[in-house]
Amino acid sequence: MKTLQFSEAIDDALAQAMAEDPRIIVLGEDVPQLRSSLLVRFGPGRVRGTPISESAFLGAGVTAAMAGLRPVVELYMIDFVGVAMDALLNHASKVEAFSGGQWKVPLVVRAPCGGGYGDGGQHEQSLWGWLAHIPGLSVVVPSNPADAGGLMLAALLAGGPVMFLEHKLLSETFLEFLGRGGRKTVKYDVPFEGRHGRVPSRWEPLPLGKAVVRRPGDTVTLVSLGVGVHRSLQAAAMLEPEGISVGVIDLRCVAPLDKDLLCKEVSRTGRVVVVDEDYISFGLSGEIAAILMEAGIQAGYGRVCTETTIPYARRLEEQVLPNVERICKKVRKLVAQPDPEKSLPDGLISTKK
Amino acid sequence: LIQSQPGSFISFSKILYGGKLARRGMEPDYWRLYEMMKRSRLYEEEVARLWHEGRISGEMHLGLGEEAIIAGIVSHLKEGDALALDHRGTAALLMRGVDPVTLLREMLGFPNGLCRGCGGHMHLFSPEHLASSSGIVGSAGPAAAGFGLAAQTLRPGTVAVAFFGEGAMNQGMLLESMNLAALWKLPVIFVCKDDGWAITTQPQAATRGSLGDRAAGFGLPYLEVDGRDVKPVWEAARQAIDTARVGRGPSFLHVKCVHLEGHFLGFLLLRLVRKPLAEMPAAMKPLISSLFMLGGSPFRQRLDGVRVVNAVLGATRRDARQKPSNDPLVRARKLLASEPERIRKLEASIKDEVRGIVNQALEAGAA
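Rules and cut-offs
Residues numbered from 1 in each chain as written. Chains lettered and ligands numbered in written order. Predicted model: local features only at pLDDT ≥ 70, side-chain atom pairs only at ≥ 80, totals over all residues. Heavy atoms only, no water. Helix = DSSP H or I, 4+ residues; strand = E, 2+ residues; numbered from the N terminus. Rg over C-alpha atoms; globule rule 2.2 N^0.38 Å. Buried < 20%, exposed > 50% of the residue type's maximum accessible area, 1.4 Å probe, protein only. Contact = heavy atoms within 4.5 Å. Areas by Shrake-Rupley, 256 points an atom, 1.4 Å probe, with all protein chains shown as cover. Lys, Arg positive; Asp, Glu negative; His and termini not counted. Charge placed at Lys NZ, Arg CZ, Asp CG, Glu CD. Core = buried A, V, L, I, M, F, W, Y, C linked by side-chain atoms within 4.5 Å. Phe/Tyr/Trp six-rings, centres within 6.5 Å; stacked < 30°, edge-to-face > 60°. Lys NZ or Arg CZ within 6 Å of the ring centre and 35° of its normal. Buried area = accessible area lost by both parts, 1.4 Å probe. Salt bridge = Lys/Arg side-chain N within 4 Å of Asp/Glu carboxyl O. Polar contact = N/O pair within 3.5 Å; in protein donor to acceptor, adjacent residues only side chain to side chain. Nonpolar A, V, L, I, M, F, W, Y, C, P; charged D, E, K, R; others polar. Bend = angle between axes of the 7 residues up to and from the residue. Patch = residues over 30% accessible without salt bridge, like charges linked within 9 Å, V, L, I, M, F, W, Y side chains within 5 Å. Pairing = 2+ DSSP bridges. Right-handed = clockwise from strand over helix to strand, strands pointing away. Axes fitted to C-alpha atoms, helices over the stretch in contact; angles between N-to-C directions. pLDDT = per-residue confidence, 0-100.

Caption draft 1: Focus on the overall build of chain A. Tallying secondary structure elements over chain A gives 15 helices and 14 strands in all. Relative to its length of 353 residues, chain A is compact, with a C-alpha radius of gyration of 20 Å against a globular reference of 20 Å. The dimensions of chain A, computed from C-alpha atoms along their principal axes, are 65 × 55 × 40 Å. Looking at the 353 residues of chain A, the share that counts as buried comes to 61%. Partitioning the intrachain contacts of chain A with sequence separation of at least 6 by distance along the chain shows that 78% fall at a separation of at least 24. Element-wise, carbon and sulfur atoms account for 56% of the exposed surface of chain A, whose accessible area totals about 13400 Å².

This is how it looks when you write it as structure tokens:
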């Protein structure tokens, strides 16, 4: 075991894989500087800077992967995927299906995501629901260094296209580069348990699509990912003295989604609140409601998500991104509602075990 | 057409002006241009101070070093002309006449800011000035094409200006818009502000061929201008804007400049060379341990990696932005040297004005 910071853990796992597999290359804008530790160990042939041409180098990543390389393509921010969406939407995600399963695209796209440092709504989006909407893409959103490294290794071994999203509040390098800039005069609400932590000395891949229970609870289940996990844990701790037993699930992957754990926990507590930094409509939070309904689970449901374009001002941004206060409020409201079991309309039969 | 060297370092000595530029022999009002530049400089220095004090949270890209370009172009704009700005649009909006107090309040995130605290410095909008900004590299191209189409259709005689950096010249949407503007003869002036750095990447690591050839490939008139001096920028802009106003289509201005603070405030590469004792150890430690780590490429390839890192640091150390003689303010001031007392008075009055703007912005926000 050793202690690493969040992005350091990802780089560490990536370096372990690169040392073992010469097909893995890293490319993206300013990568020689942003990943200089990888550059001096693996050389400029495997750690390549690119022009500001996302549609070209992400599109090239797709076929490079089809032809035998294992590219890790970096985007400066997931917001900028808009420029190159075609490579993911119409190519990376489609090749395996179009080829009747005969040709795979072992591509990893690594990109910082998320807000909380005042960079405005074109630079702080999450977009994991939007990406996971596309069949054929896996989407990973780790919440701590050990998961981040283990999931990076899993992404490299997955054999299909994986979006690996790295939250900027957890990433020591991106928060310093884009936020702090050497200053001691700014403060960010960084969840330190996610920022650094114990990691294995030798990385093993974690399974993709396996969620974990971060905190057991009997009354309400909070379902979240990334920074939202830490906000949820904080809310759960605050609600405990009020006699509300709140559990927290860390999804870790949006696609594939761990439906089994979700259904198991929610059928036990009978109440679920999704804490999702991505946009509220047509996304992960609605998907979770649909999964529970399809499984026939009758549960009280609420969600705390980003509902509008993220405003620039820190004061406004704090309200728009899911925060502890909003989570607590939603949980209290849900608990105060009559038990869904006892208030079923006539003719509906409970399936709760 | 004037050719620039493919992938060359920024080189001011090679720059010539287009032959027709001096044709009309009109002189700009240097006092007015200097005033615009100086106000922008002092204003942005105040923004930098507020950023360092932590009153502005995230990234901050300033136009320090671009003043001659912005003044030389924006001084030609009239009512109905549009601006498509990049992530570095503060100076252009200020010179275009956007209220400096509400602009500053926006950067401070106050509800009475230009965009009510919702946009911030990368996402500034002023419908009154037909000015929009974006932090997506290259997006000023399509934005200016659309403004140009509206100008051509609804307001003949008006124009649209796109500001972007040389890094954006590898972004497909910008090149596509150059073709579209040429095809439809849109009244667009594409202005490439070239400081020779796309964050940490220099043109020789990102670009092949010349930007002049690219513009020529779309049939755009191309002018290469020394953006440290306001006079040639003003002259080139006059020619390009006049051409667009009379319906003779778009032009491309390639204007070279220096960014005095690098890509953005707190830029790590500049911190490393300005304060090596404080910054270098933390940056170098992981590099050294990684260099000797077991497993990885042969040592020769690792040394090639070290060379890449060194080259960027070396280029930062030798960079044009370190020389005060490249500062457009210093150069513009020389044009007015014959009247030192008038300069002194002008500068003192701008200083008072900017101090007043800052006080007003902060008071209003605190209230």
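Caption draft 2: View of the overall build of chain B. A tally of helices and strands in chain B yields 13 helices and seven strands. The C-alpha radius of gyration of chain B comes to 21 Å, within 12% of the 21 Å expected for a compact globule of 367 residues. Overall size of chain B, expressed as C-alpha extent along the three principal axes, is 65 × 55 × 45 Å. For chain B, buried positions account for 59% of its 367 residues. Put simply, 76% of the contacts in chain B that link residues at least 6 apart link residues at least 24 apart. Here chain B displays about 15100 Å² of accessible surface, and carbon together with sulfur accounts for 57% of that area. For chain B, the distance from the average site of its 45 positive side-chain charges to the average site of its 37 negative ones is 4 Å.

Caption draft 3: Representation of the nonpolar core. Core analysis: the largest hydrophobic core is formed by 73 residues, its most contacted members being B:Ile56, B:Ile73, B:Leu104, B:Phe163, B:Ile189, B:Val191 and B:Leu253. Per-element accounting of this core gives the leading share, 12 residues, to helix H1 (residues 30-52) of chain B. Among all residues touching B:Ile56, those that are not within four sequence positions of it are A:Arg183, A:Val186, A:Tyr312, B:Val47, B:Leu50, B:Trp51, B:Met107 and B:Leu108. Listed in part, the 61 residues of the second largest apolar core include A:Ile10, A:Ala15, A:Val40 and A:Trp203.

Caption draft 4: Expanded view of the packing of aromatic side chains. Tallying each qualifying case throughout the model produces six aromatic pairs over all chains. When the centroid spacing of 6.2 Å and the interplanar angle of 55 degrees are considered together, the rings of B:Phe164 and B:Phe252 count as tilted. One end of the pair, B:Phe164, is in strand E4 (residues 160-165); the other, B:Phe252, is in strand E7 (residues 251-256), and 88 residues separate them in sequence. Judged by its relative accessible area of 2%, B:Phe164 falls in the buried class. The structure contains a cluster of three or more aromatic residues connected by ring pairs, namely A:Tyr76, A:Phe177, B:Phe264 and B:Phe267. Positioned above the aromatic ring of B:Trp51 is the side chain of A:Arg183, whose terminal nitrogen or guanidinium carbon lies 3.5 Å from the ring centre. A cation sits over an aromatic face here: B:Arg342 above B:Trp31, 3.9 Å from the ring centre.

Caption draft 5: Highlighting the interface of chain B and chain A. Across the contact, 54 residues belong to chain B and 47 residues belong to chain A. Carbon and sulfur atoms make up 55% of the surface buried where chain B meets chain A, a total of about 3800 Å² over both sides. Per-residue buried area on chain B facing chain A is highest for B:Ser57, B:Glu59 and B:Ile136; these three make up 14% of the total on that side. At the boundary of chain B and chain A, one finds one salt bridge. Between A:Glu176 and B:Arg271 there is a salt bridge; the shortest N-O distance is 3.3 Å. Where chain B touches chain A, the interface holds 34 residue pairs in polar contact (both at pLDDT 80 or more). Residue contributions to the side of chain B that touches chain A peak at eight residues, all from helix H11 (residues 299-317) of chain B. Residue composition of the side of chain B that touches chain A, grouped by class: 24 nonpolar, 23 polar and seven charged.

Caption draft 6: Inspection of helix H10 (residues 276-291) of chain B at higher detail. Helix geometry: H10(B) is bent most strongly at B:Met284, by close to 30 degrees, with proline B:Pro286 lying one to four residues after it. Buried within H10(B) are the following residues: B:Met280, B:Leu287, B:Ser290 and B:Leu291. Buried residues in H10(B) make contact with helix H3 (36-42) of chain A together with helix H9 (268-274) and H11 of chain B.

Caption draft 7: Fine view of helix H5 (residues 85-92) of chain A. What H5(A) keeps buried is the set A:Met85, A:Ala87, A:Leu88 and A:Ala92. Where H5(A) is buried, its residues meet helix H4 (54-66), helix H6 (95-98), strand E5 (108-113), helix H7 (128-132) and strand E7 (162-167) of chain A.

Caption draft 8: Inspection of a nonpolar patch on the surface at higher detail. Residue and element names in this part refer to chain B. A cluster of nonpolar residues, Leu149, Leu180, Leu183 and Trp184, forms a patch on the protein surface that exposes about 370 Å² of accessible area. Its location among the elements puts Leu183 in helix H6 (residues 172-183). The class for Leu183 is exposed, based on a relative accessible area of 60%.

Caption draft 9: Representation of the pairing of strand E14 (residues 300-306) of chain A within the structure. All names here are of chain A. Buried residues dominate E14, accounting for five of its seven residues. Two elements, strand E13 (residues 271-279) and E14, share seven bridges in a ladder whose sense is parallel. Opposite Val274, over in E14, you have Arg303 as the bridge partner. Chirality of the crossover, the property in question, places the unit of E13, helix H13 (residues 284-294) and E14 among those that are right-handed.

Caption draft 10: Main features of the pairing of strand E2 (residues 24-28) of chain A. Residue and element names in this part refer to chain A. Of all five residues that make up E2, five are buried, and the element is covered over most of its length. Bridging between E2 and strand E4 (residues 70-74) involves five bridges; their strand directions are parallel. Directly across from Gly28, in E4, lies its bridge partner Glu74.

Caption draft 11: Just the sheet that holds E7(B), in detail. All names here are of chain B. The seven strands are arranged E2-E3-E1-E4-E5-E7-E6 in an open sheet whose pairing can be described as mixed. Pairing within the sheet leaves two strands with one partner each, and these edge strands are strand E2 (125-126) and strand E6 (222-226). Where strand E1 (residues 82-85) meets strand E3 (residues 131-133), three bridges bridge the pair, whose relative direction is parallel. Residue Ala84 lies in a different strand from E3, and its bridge partner there is Ser132. Against the sheet, H6 engages E4, strand E5 (188-194) and E7, with an angle of about 150 degrees to E5.

Caption draft 12: Spotlight on the sheet that holds E13(A). Residue and element names in this part refer to chain A. In space, the five strands of this open sheet follow the order E9-E11-E10-E13-E14, with mixed pairing throughout. Edge positions in the open sheet fall to strand E9 (212-215) and E14, since each of these has one partner strand only. With strand direction ignored, the average angle separating the axes of adjacent strands in the sheet is 25 degrees. Of the strand pairs in this sheet, strand E10 (residues 220-224) and strand E11 (residues 246-250) are connected by five bridges, and their pairing is parallel. Looking at E11, one finds that Leu222 is bridged to Val248.

Caption draft 13: Layout of the confidence of the model for chain B. Residue and element names in this part refer to chain B. Overall, the predicted model of chain B reaches an average pLDDT of 92, with 92% of residues at or above 70. Considering only residues more than four positions removed or in separate chains, one finds that residues 1-23, a stretch of pLDDT under 50, has 49 contacts. The complex model carries a pTM of 0.93, and its ipTM stands at 0.93.

Caption draft 14: Looking closely at the pattern of salt bridges. Residues and elements named next belong to chain B. Scanning the entire structure with this criterion turns up 41 salt bridges over all chains. Here Lys231 ties to Glu27 by a salt bridge, and the two come within 3.6 Å at their closest N and O atoms. Highlighted residues: Lys231 in helix H8 (residues 230-245) and Glu27 in the segment before H1, separated in sequence by 204 residues. The exposure class assigned to Lys231 is partly exposed, which follows from its relative accessible area of 29%. Of the residues examined, Glu27 reaches a relative accessible area of 48% and is grouped as partly exposed. For the salt bridge of Glu67 with Arg41, the shortest nitrogen-to-oxygen distance reads 2.7 Å. Placement of Glu67 in helix H2 (residues 67-74) and of Arg41 in helix H1 is noted, with a sequence separation of 26 residues between them. The buried category is assigned to Arg41, whose relative accessible area is 7%.

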